[in-house]
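Fold and contact review
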Amino acid sequence: MNTVVKPKEDDRQPINVGLVLAARDGDMSAQEALFRRYRKMVFGMAARLMGTTDVEDLVQDTFVEAFTNLRRLREPALFVTWLGAIVVRTAHNRWWRSRLLERLGITRSKPADIESLVSASAPPDMVAEMRQVYRVVASLPADAQIALVLHRVEGMTLEEVAVHMDKSLATVKRRVAEGAAQLDRILNGEGRRLP
Amino acid sequence: VSGEGDMRKHFREDEPSPAQLRQEWAAIEARLRTGRFRTVRKVAWGGGVLALAGAALVLVVPRLSSPPLVAEGASVAGTSLPESKLADGSRVSLSPAASAIVTSSRTDRVGIELLAGEGTFDVAKRPDRIFAVRAHGVEIRVVGTRFRVAVSQHEGSTTVTTTVERGVVEVRGPGQSTGQRLTVGQS
């Protein structure tokens, strides 16, 4: 991936490069500090990607994966983007496994639990739109599902989505367009129009 | 409809309690210290084939970045899959009840995660790319060789067994930054 992105100041906190370097050297207290700082970000992103708040395992897998492979992070200032990419990859793998189990008839997929995700102060029309978005998301292939959520819900630029998904910009554009077209069809079918 | 990103601010962002944070970190720390899965108590490398009975044989080949890694003849479930040829010329054979997921298919890296059962990997020689098989936190990296990886469960512990049939592999345990090189006859 050659696309260059600026470090994302997620949670409005500057990246503590020293902390990342210490964690990379195996300092467990530094790793714990990073976990405490970015747990909320990871949990929120995982919940919005999976459409449920039942994502503790995914959060745990993400941090284990991150700290286990932190030595591969060449630029510590990009830690947040790198961590976000692990969330996306982990969610993608889980999605595939759940689809597999579903195909085997072992499990049945659960619909997105929007009520558990939405803030109590969210206006009703926004909640309705969220339901529609996640209904569309559930019907899409994994790549389009993730691309749409990252772009539409997380508010990432297409370039940022490409970095997080480790895909080309062209592929991401196609995936987002695929999801947007499906969303448009549903909204139009229910009497609403996209701008 | 709302603009991109407007939706995010309407999601709940509950702060976890200090006790919850401690509990979650304790679980992560335990996995980092002992391995990918808390049930992993030992990693055994050596000879021997673990025969596992089962019904389903699964090789999942997700659509990944180009060039796609295609397992010719791979099927999702319920049918016999004696051997799959990957796009780079490597071959994967899974035992009954085995399951594996192709996690990476880049020109510089091919990644397969063996979830359960036994897989035999006949890797085409291509020095410019890494061929890595992961099984419960254990990673086996190769250049060109033939080897078997088996995951077995016994009384709550998980054992990953690597058997080299040809060439050299590098095995890294969970959290290990350096690997152990195994050749034919070594364990």
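Predicted model only: the values in this text are computed from it and were never measured. (Residues numbered from 1 in each chain as written. Chains lettered and ligands numbered in written order. Predicted model: local features only at pLDDT ≥ 70, side-chain atom pairs only at ≥ 80, totals over all residues. Heavy atoms only, no water.)

Quick word on the side chain of His92(A)
Note the following rule: Every helix listed is a DSSP run of H or I at least four residues long, and every strand listed is a run of E at least two residues long, numbered separately from the N terminus. Polar contacts, as used here, are pairs of N or O atoms within 3.5 Å; protein pairs need one atom able to donate a hydrogen and one able to accept it. Residues neighboring in sequence count only if both atoms are side-chain atoms.
Checked against the element boundaries, His92(A) lands in helix H4 (residues 79-103). There is a polar contact of 3.1 Å between the side chain of His92(A) and the side chain of Asp143(A).

Some points on the nonpolar core
Soluble, globular proteins show a tendency: their nonpolar side chains are buried together. This is how the line gets drawn: The term nonpolar core refers to a set of buried residues drawn from Ala, Val, Leu, Ile, Met, Phe, Trp, Tyr and Cys, joined through side-chain atoms within 4.5 Å. Each residue is placed in one exposure class: buried if its accessible area under a 1.4 Å probe, protein chains only, is under 20% of its type's maximum, exposed if it is over 50%, and partly exposed if it falls in between. Residues count as neighbours in contact if any of their non-hydrogen atoms are within 4.5 Å of one another.
Within the largest apolar cluster, 65 residues are counted, with the highest numbers of intra-cluster contacts made by Leu49(A), Phe63(A), Phe79(A) and Leu150(A). The biggest single contributor to this core is helix H2 (residues 28-50) of chain A, with twelve residues. Setting aside residues no more than four positions away along its own chain, Leu49(A) makes contact with Val87(A), Val88(A), Ala91(A), Ile146(A), Val149(A) and Leu150(A). Leu86(B), Ala100(B), Val110(B) and Leu182(B) belong to the second largest nonpolar core, which has 24 residues in total.

What about helix H7 (residues 142-153) of chain A?
Helical periodicity: at 3.6 residues per turn, an α-helix aligns residues three or four positions apart in one direction. Residue and element names in this part refer to chain A. In plain terms, the rule: By this rule the span expected of a helix is its residue count minus one, scaled by 1.5 Å.
In this model, H7 (twelve residues) spans 16 Å end to end at C-alpha, consistent with the 16 Å of a helix rising 1.5 Å per residue. Within H7, twelve of the twelve residues are buried, leaving the element largely enclosed by the surrounding structure. Of all the positions in H7, only Ala142, Asp143, Ala144, Gln145, Ile146, Ala147, Leu148, Val149, Leu150, His151, Arg152 and Val153 are classed as buried. Remark: Gly155 follows H7 within two positions and exhibits a positive phi of approximately 80°.

What to know about the confidence of the model for chain B
Residue and element names in this part refer to chain B. To keep it simple, the criterion reads: Looking at any residue, its pLDDT shows the predictor's confidence there, from 0 to 100.
For chain B, mean pLDDT is 65; residues scoring 70 or higher make up 62% of the total. Between the elements of chain B, mean pLDDT differs from a low of 39, seen in strand E1 (residues 58-60), to a high of 82, seen in helix H1 (residues 18-34). With pLDDT under 50 throughout, residues 36-81 is counted as low confidence; its partners more than four residues away or in other chains account for 139 contacts. Per the prediction output, this complex has pTM 0.54; the corresponding ipTM is 0.79.

Notes on unusual backbone geometry
All names here are of chain A. Although it is not a glycine, Asp166 adopts a positive phi angle of roughly 55°. Residue placement: Asp166 occurs in the loop between helix H8 (158-165) and helix H9 (169-189). The exposure class of Asp166 is partly exposed, given its relative accessible area of 26%.

Regarding the pattern of salt bridges
A pair can form between side chains of opposite charge whenever their charged atoms are brought close. For the record, the criterion: Think of a salt bridge as a Lys or Arg side-chain nitrogen and an Asp or Glu carboxyl oxygen that are within 4 Å of each other.
Applying the stated criterion across every chain yields a total of twelve salt bridges over all chains. Close ionic contact of Asp143(A) with Lys167(A) constitutes a salt bridge, the shortest N to O distance being 3.5 Å. Of this pair, Asp143(A) sits in helix H7 while Lys167(A) sits in the loop between H8 and H9, placing them 24 residues apart in sequence. Here Arg8(B) makes a salt bridge to Glu154(A), at a shortest N to O gap of 3.7 Å. Of the two residues, Arg8(B) sits in the segment before H1 while Glu154(A) sits in the loop between H7 and H8, which places them in two different chains. In this pair, the class of Arg8(B) matches that of Glu154(A), namely buried. Bridged by salt links that share partners, the residues Arg48(A), Glu154(A) and Arg8(B) form one connected network.

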